[in-house]
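For reference, the chains in residue letters:
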Amino acid sequence: MTHRIVVLGAGYAGLAATVVLAARSRRRDDVSVTLVNATDRFTERLRLHQVAAGEQLADLRLPELLVGTGVTLEYGWVTGLDPAARTVRLDDERDLGYDTLVYALGGVADTTGVPGADEHAYALGGRHEAELLAHRLAGPGGSVVVCGTGLTGVEAAAEIAEQHPGTTVTLLGRTEPGAALGARARGHLRDALRRLGIRVRTGVEIVKVLPDAVALAGGETVPADTVLWSSGVRGAPLAAVAGLAVDGAGRIVTDAALRSVSHPDVYAVGDAAAIQQGYGLLHGTCQSGMPTGVHAARSILATLAGATPPRFRFGYYHTTISLGRGDAVVQFTRPDGSPRRLSLTGRSAVRYKETVSAAPWSTYRRMTRLPGTGSIWPRGGRYTR
Ligand SMILES: Cc1cc2nc3c(=O)[nH]c(=O)nc-3n(C[C@H](O)[C@H](O)[C@H](O)COP(=O)(O)OP(=O)(O)OC[C@H]3O[C@@H](n4cnc5c(N)ncnc54)[C@H](O)[C@@H]3O)c2cc1C
């Protein structure tokens with residue numbers, strides 16, 4: 001009997017799981033690995049603000065990466081999941097069966113809290129959405145309001161302002177941009193936004209997105225030719241509709257080994273999962289998403305060998321923020337994400353950030369070319385306990 005492992009989503013977490021599964025089961029004919037993704041392309045989600053600003057990214061293709069690994073690739077949009085029948089439904093009406101599922105479909109922009117955000121705002125949910133925004137921004141001048149002062153909002157505002165100097169960019173949100181950084185990094189970020197001419201307004205509550213403006217609590221409206229919604233990520237409805245236990249943000253609740261608490265034959269990783277650590281819930285990053293994929297793969301293979309899957313432990317080690325192409329901030333952190341004293345700014349931060357951003361694909365490549373290993377992958381931060 002072949003044990004069918006199906007991985008949904010070829011993002012950072014799903015690909016990490018896939019390449020480790022492939023590397024470690026290469027010589028086994030009792031395990032099959034199938035990767036399902038919307039397209040044959042690896043989308044570098046952490047560069048979507050660059051796409052939105054009109055930049056071209058490298059063309060990274062899954063078949064080229066996975067050639068010779070034995071992984072079966074299936075392209076299609078996952079529209080449903082039947083955990084009782086252990087099947088996944090694709091948009092072309094195909095049903096794929098599984099014995100173990102790795103759910104790595106990432107997240108979607110959380111537009112649920114504010115009326116009009118879904119209809120009138122752009123979001124960086126995927127490459128296509130980012131390209132739509134790039135198309136919109138290709139015209140002359142105008143005003144862009146970025147809603148959300150989190151790190152994605154900051155990166156997007158900076159990139160758009162730098163690539164479109166004739167455009168007025170406003171960044172709106174509750175908290176100061178870079179609020180979780182140390183004083184030096186935060187100060188550098190503030191100066192960079194000022195240098196790029198970005199208007200920053202904090203302490204505001206956005207209550208509605210209109211076709212040509214953003215409405216704030218208190219009755220004020222901020223005019224906007226284009227609105228980018230960048231205020232949080234939630235899990236796609238798919239998991240909840242299928243009856244998997246999810247948290248308030250629609251993410252699959254996992255046990256310590258990253259299995260769904262309601263359906264242990266489903267592992268949830270990356271942005272799609274609500275993963276508890278000693279310091280709180282993991283927040284969606286590539287930094288933590290890739291180790292979750294690696295861990296799920298190792299746990300699946302350990303379970304097949306009759307062992308108890310180990311506990312997932314992760315500690316953060318940095319926060320990296322691009323501020324256009326020529327500037328960046330890197331804040332080194334404690335395992336819980338709180339800032340250490342050390343930070344990088346300017347060109348050294350740009351080099352560091354670029355090295356980190358490019359690392360996943362080259363690591364996947366090395367993994368797929370080292371038969372039988374799977375041990376070169378770091379388990380997370382050096383503080384991982
Ligand atoms: C602009 C921006 C900048 C960021 N910068 C950073 C950063 O500097 N550092 C950092 O660590 N993190 C950063 N992040 C966050 C990081 O990108 C995410 O945490 C990470 O991508 C999560 O990985 P994932 O594998 O869970 O999901 P994803 O990378 O989103 O992958 C999900 C995959 O599933 C596919 N998929 C989704 N739904 C379906 C479906 N129904 N059917 C078929 N396929 C589907 C998608 O096409 C995609 O390939 C950034 C995010 C954004 C948007």
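Our subject is the structure listed above.
This structure is a prediction, so every number in the text was calculated from the model and none was measured.

Draft legend 1. Here's a closer look at the overall build of the protein. If you tally the helices and strands in the protein, you get 10 helices and 25 strands. Relative to the globule expectation of 21 Å for 385 residues, the C-alpha radius of gyration of the protein, 21 Å, shows essentially globular dimensions. Its C-alpha atoms give the protein principal-axis dimensions of roughly 65 × 45 × 40 Å. Considering only residue pairs separated by 6 or more positions, the protein has 65% of its internal contacts joining residues 24 or more positions apart. As displayed, the protein offers around 16600 Å² of accessible surface, 52% of which is attributable to carbon and sulfur atoms. For the protein, the distance from the average position of its 42 positive side-chain charges to the average position of its 35 negative side-chain charges is 10 Å.

Draft legend 2. Geometry of the site of the ligand. If you check the shell around the ligand, you find 27 residues, and the closest are Ala13, Val78, Asp271, Cys286 and Lys353. Interatomic distance of 3.0 Å between a side-chain N/O atom of asparagine 37 and an oxygen atom of the ligand. One of the backbone N or O atoms of glutamine 287 is found 3.4 Å from an oxygen atom in the ligand. Look at the ligand: alone it shows 990 Å² of surface, and the protein chains cover 88% of it. Only helix 1 (12-25), helix 6 (151-163) and helix 9 (286-304) provide two or more residues apiece to the shell around the ligand. Each residue belonging to the shell around the ligand can be placed in one class, and the counts come to 11 nonpolar, 12 polar and four charged. There are two domains that each give the shell around the ligand at least three residues, and those are domain 1 (3-109 + 233-315 + 354-383) and domain 2 (117-229).

Draft legend 3. Seen up close, the environment of threonine 112. Note that threonine 112 resides in the loop between strand 8 (107-109) and helix 4 (117-120). One polar contact links threonine 112 to aspartate 110, side chain to side chain, over a distance of 2.4 Å.

Draft legend 4. Representation of the packing of aromatic side chains in the model. Across all of its chains, the model carries eight aromatic pairs by this definition. For the pair phenylalanine 42 and tryptophan 361, a centre-to-centre distance of 5.3 Å together with 20° between the ring planes defines the contact as stacked. Taken as a pair, phenylalanine 42 in the loop between strand 2 (31-37) and helix 2 (48-52) and tryptophan 361 in helix 10 (residues 346-368) lie far apart in primary sequence, 319 residues in all. In this structure, phenylalanine 42 and tryptophan 361 share a single accessibility class: buried. Three or more aromatic residues joined by ring pairs form one cluster here, namely Tyr12, Phe42, Trp361 and Tyr364.

About the thresholds
- Residues numbered from 1 in each chain as written.
- Predicted model: local features only at pLDDT ≥ 70, side-chain atom pairs only at ≥ 80, totals over all residues.
- Heavy atoms only, no water.
- Helix = DSSP H or I, 4+ residues; strand = E, 2+ residues; numbered from the N terminus.
- Rg over C-alpha atoms; globule rule 2.2 N^0.38 Å.
- Contact = heavy atoms within 4.5 Å.
- Areas by Shrake-Rupley, 256 points an atom, 1.4 Å probe, with all protein chains shown as cover.
- Lys, Arg positive; Asp, Glu negative; His and termini not counted.
- Charge placed at Lys NZ, Arg CZ, Asp CG, Glu CD.
- Near = heavy atom within 4 Å.
- Polar contact = N/O pair within 3.5 Å; in protein donor to acceptor, adjacent residues only side chain to side chain.
- Nonpolar A, V, L, I, M, F, W, Y, C, P; charged D, E, K, R; others polar.
- Domains from an automatic or database assignment.
- Phe/Tyr/Trp six-rings, centres within 6.5 Å; stacked < 30°, edge-to-face > 60°.
- Buried < 20%, exposed > 50% of the residue type's maximum accessible area, 1.4 Å probe, protein only.

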